[in-house]
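What follows is the residue order along each chain.
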Protein chains: 2
Amino acid sequence: MVGRGLLRELPRILGELCPAHTYAVISDSRVAELYGLRVIEEVRAAGRRAELFTFPCGEWNKTRDTWAELTDALLHAGIGRDGAVVALGGGVTGDLAGFVAATFLRGVPFVQVPTSLLAMLDAAIGGKTGVDVAAGKNLVGAFHLPRFVLTDVDTLATLPKAHIAAGMAEAIKHAVVADASYLEAILADAPLIRERDLPALERVVMRSVTIKEEVVAADPRESGRRQVLNFGHTIGHAIEARSGYSLTHGEAVAIGMVAESTLAESLGVAAPGLTAAVRAALKTFALPIAVPEELSDADLLESVQADKKVRAGKVRFALPESIGSLPQRADGAWTVEVGPEAILQALAASR
Amino acid sequence: MVGRGLLRELPRILGELCPAHTYAVISDSRVAELYGLRVIEEVRAAGRRAELFTFPCGEWNKTRDTWAELTDALLHAGIGRDGAVVALGGGVTGDLAGFVAATFLRGVPFVQVPTSLLAMLDAAIGGKTGVDVAAGKNLVGAFHLPRFVLTDVDTLATLPKAHIAAGMAEAIKHAVVADASYLEAILADAPLIRERDLPALERVVMRSVTIKEEVVAADPRESGRRQVLNFGHTIGHAIEARSGYSLTHGEAVAIGMVAESTLAESLGVAAPGLTAAVRAALKTFALPIAVPEELSDADLLESVQADKKVRAGKVRFALPESIGSLPQRADGAWTVEVGPEAILQALAASR
């Protein structure tokens, strides 16, 4: 469900699509203040039980420790198997609260209520939940589909503008891997999007959600086609983790897309021009496009090799052929195996 | 697969039913010495990669911390999405290694190779994985079905005799909730079983596995019939946790069955005589049948109320009507809601 003013419908929709004895609403400290208390009050006003559980905001809190603390807080509050979790917030909240729901008493239902652009158009769709560990991002987790995703575009009015740009990195990714005309639409709407124009943002959310849902429906467990959504993420995750999360996920993915486009061109997978087009789109939203100086190629390579996409010891990348096209390869795979030298070269060329 | 000498077939069966780039064999310190090193060698001799990961034996190590350490060790060893986990050991190992597999890179395949009687006839069947937390047993976990369960009854030759009795507590539970003739067979075979006679133990494993598989197949997610297998476990888990795991799971379940049979009689769910029959069967294997003096009724009640089986704040118990019979209730439920006074009375009467 994508729309404006939908948040006030949440109590009714919860009762219809996810009936529960008690709703455990999980938010970070910032979103709890902006929307959490209001949601709790409205759910209670509708005659249902609800409790608010919070954790400090920031990707660096998406850990097993925070997951354990939230789990213990739910247990302490007496939430039982007939409880349900409501993830109210950005991508970190959705991943973390989703993993709490996936593992609480061996799994309770949950609902996604994304309040960041990145969560609305990407993270909340598709059932991936999990936390980061020292070895890398999202290496611990579970597939656990939400009962529904309720996206109230009005909540973007309070989103810091830097987070709008971070969300647009994922929107650009969707366009690059699946739909060239979407990239044109994004560029045409860019001035409105940068100013947080809500109708323009709603168009972006709708289009990205449609792409992501189609890809996920074709391959829920990421054994094939869903891998195309990893474009920019193999190097992006390494950059994000090595930066100590001083870069947001969207910023790291932006740099990752530049480096992986460069890789695609150098391997001959993509025709020349892909990287230039990706860079231009990212610059429209003032997203970073160069690997930060302080991160060494060797450290990034080590992190890339610790990624989930490693199979049989080799790193596999989802590489587009051109804007809007990342087709299945001749060998049936959706990804390309790449050795360490080519990765190091692409990193060096993206500085 | 249940049989004798099956362990040496493991490398071949792994290759056929659970192909993987690397097998992460997880065992506790004791089983690692007895069987782990041998399994690793045999899998490698068959031309496949395998690594052994161990943790200190004991139910008190079935924690989120041990799970996190094992997960990090697998990541450090470079196990990827094309890896698979082999749980080699008793019930603790199966639950813990299963939860590692369920959450490692959002889920990798796993295989159960139970080496304790309790794991063979109960814990390894049905896909429940998880760890204990301060608030209670198995409160964090996931459903994650093994690709196969390979049960080599010969490994029981090295099982301490006290663990044979602990396994028999679950076998008696299966008989009480599903098959009166099975209880007769157990009592007839008791002298052989106590002496670890392998053919007699194989008969027990086969019969229990058949019962458990049938119940689980009818209700994999425990929304109905599978709840009958919780007989003895609601109070049993509380006793086990409150004893600081000085009682084994089987011993605690034995006492739990006595207390819950008493509860069934006092509520009029069961005819008089059920508790006496349960006690007699447990005594045949020198299992404890009285709530330990050092555990107070109030503390046990608090733990019972923290259990997963609590719904809408009320505790629900799976209570047999008679030996071999735990049918669906007139209201369609498989469990009975019980208030705190009746629970306290049953505890007091079981000392």
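Residues numbered from 1 in each chain as written. Chains lettered and ligands numbered in written order. Predicted model: local features only at pLDDT ≥ 70, side-chain atom pairs only at ≥ 80, totals over all residues. Heavy atoms only, no water.

## Quick word on the pairing of strand β6 (residues 128-133) of chain A
Residues and elements named next belong to chain A. For β6, the buried fraction is high: 6 of the 6 residues fall into the buried class. By the bridge criterion, 5 bridges tie β6 to strand β7 (residues 136-143) in an arrangement that is antiparallel. Paired with Lys-128 across the two strands is Phe-143, which belongs to β7. Counted between consecutive antiparallel strands, the loop separating β6 from β7 contains 2 residues. (Buried < 20%, exposed > 50% of the residue type's maximum accessible area, 1.4 Å probe, protein only. Helix = DSSP H or I, 4+ residues; strand = E, 2+ residues; numbered from the N terminus. Pairing = 2+ DSSP bridges.)

## Notes on the relation of the copies chain B and chain A
Turning one copy of the chain about an axis and sliding it along that axis gives the other copy, so a rotation and a shift relate them. Aligned on chain A, chain B shows an RMSD of 0.0 Å; the corresponding rotation is 180 degrees and the shift along the axis is 0.0 Å. The transformation relating the two chain copies, once decomposed into turn and shift, fits a two-fold axis. The overlap is high: 100% of the interface residues of chain B also sit at the interface in chain A, so the same surface is used on both sides. (Least-squares fit on C-alpha atoms with pLDDT ≥ 70 in both. Contact = heavy atoms within 4.5 Å.)

## Here's the deal with the interface of chain B and chain A
Each partner contributes residues to the interface: chain B has 32 residues there, and chain A has 32 residues. Each partner contributes to the roughly 2,900 Å² buried at the junction of chain B and chain A, and carbon and sulfur atoms together form 56% of this total. In terms of surface lost to chain A, no three residues of chain B exceed B:Arg81, B:Arg106 and B:Lys308, which account for 29% of the buried area on that side. Counting every contact that joins chain B to chain A gives 4 salt bridges. Note that A:Asp72 and B:Arg64 form a salt bridge whose closest N and O atoms lie 2.8 Å from each other. Our enumeration of links across chain B and chain A arrives at 10 residue pairs in polar contact (both at pLDDT 80 or more). Mapped onto the side of chain B that touches chain A, the elements with two or more residues apiece are α3 (64-76), α4 (91-103), β6 (128-133), β7 (136-143) and β9 (310-311) of chain B. Tallied by class, the residues present in the side of chain B that touches chain A amount to 15 nonpolar, 8 polar and 9 charged. (Buried area = accessible area lost by both parts, 1.4 Å probe. Salt bridge = Lys/Arg side-chain N within 4 Å of Asp/Glu carboxyl O. Polar contact = N/O pair within 3.5 Å; in protein donor to acceptor, adjacent residues only side chain to side chain. Nonpolar A, V, L, I, M, F, W, Y, C, P; charged D, E, K, R; others polar.)

## Side note on the domain arrangement of chain A
The extent of an interface is frequently quoted as the accessible surface area lost upon association of the parts. All names here are of chain A. Under the domain assignment, chain A is made up of domain 1 (2-155) and domain 2 (160-349). Between domain 1 and domain 2, the C-alpha centre-to-centre distance is 26 Å. Listed per partner, the contact involves 23 residues of domain 1 and 34 residues of domain 2. Interface area, domain 1 with domain 2, both sides summed: about 2,500 Å², of which 67% is carbon and sulfur. For the domain 1 face of the interface with domain 2, the top three residues by lost area are Leu-117, Leu-121 and Lys-137, together amounting to 26%. In this assembly, domain 1 and domain 2 are joined by 4 salt bridges. Lys-137 serves as the salt-bridge partner of Glu-240, at 3.2 Å between the closest nitrogen and oxygen. Joining domain 1 to domain 2, the criterion identifies 7 residue pairs in polar contact (both at pLDDT 80 or more). (Domains from an automatic or database assignment.)

## Section: the sheet that holds strand β3 (residues 49-55) of chain B
Across a sheet, paired strands are connected by hydrogen bonds in the backbone, their directions being either parallel or antiparallel. All names here are of chain B. As summarised here, the arrangement of the 4 strands in space is β3-β2-β4-β5, forming an open sheet in which the pairing is parallel. Across the chains shown, the open sheet's two edge strands, defined by having one partner strand only, are β3 and β5 (110-114). Across the sheet, the axes of successive neighbouring strands diverge by a mean angle of 20 degrees, strand direction being ignored. As judged from the 5 bridges shared by strand β4 (residues 83-89) and β5, these two strands associate in the parallel manner. Paired with Ala-87 across the two strands is Gln-112, which belongs to β5. Contacts from helix α2 (residues 29-45) reach β2 (22-28), β3 and β4, with the element oriented near 175 degrees to β3. (Axes fitted to C-alpha atoms, helices over the stretch in contact; angles between N-to-C directions.)

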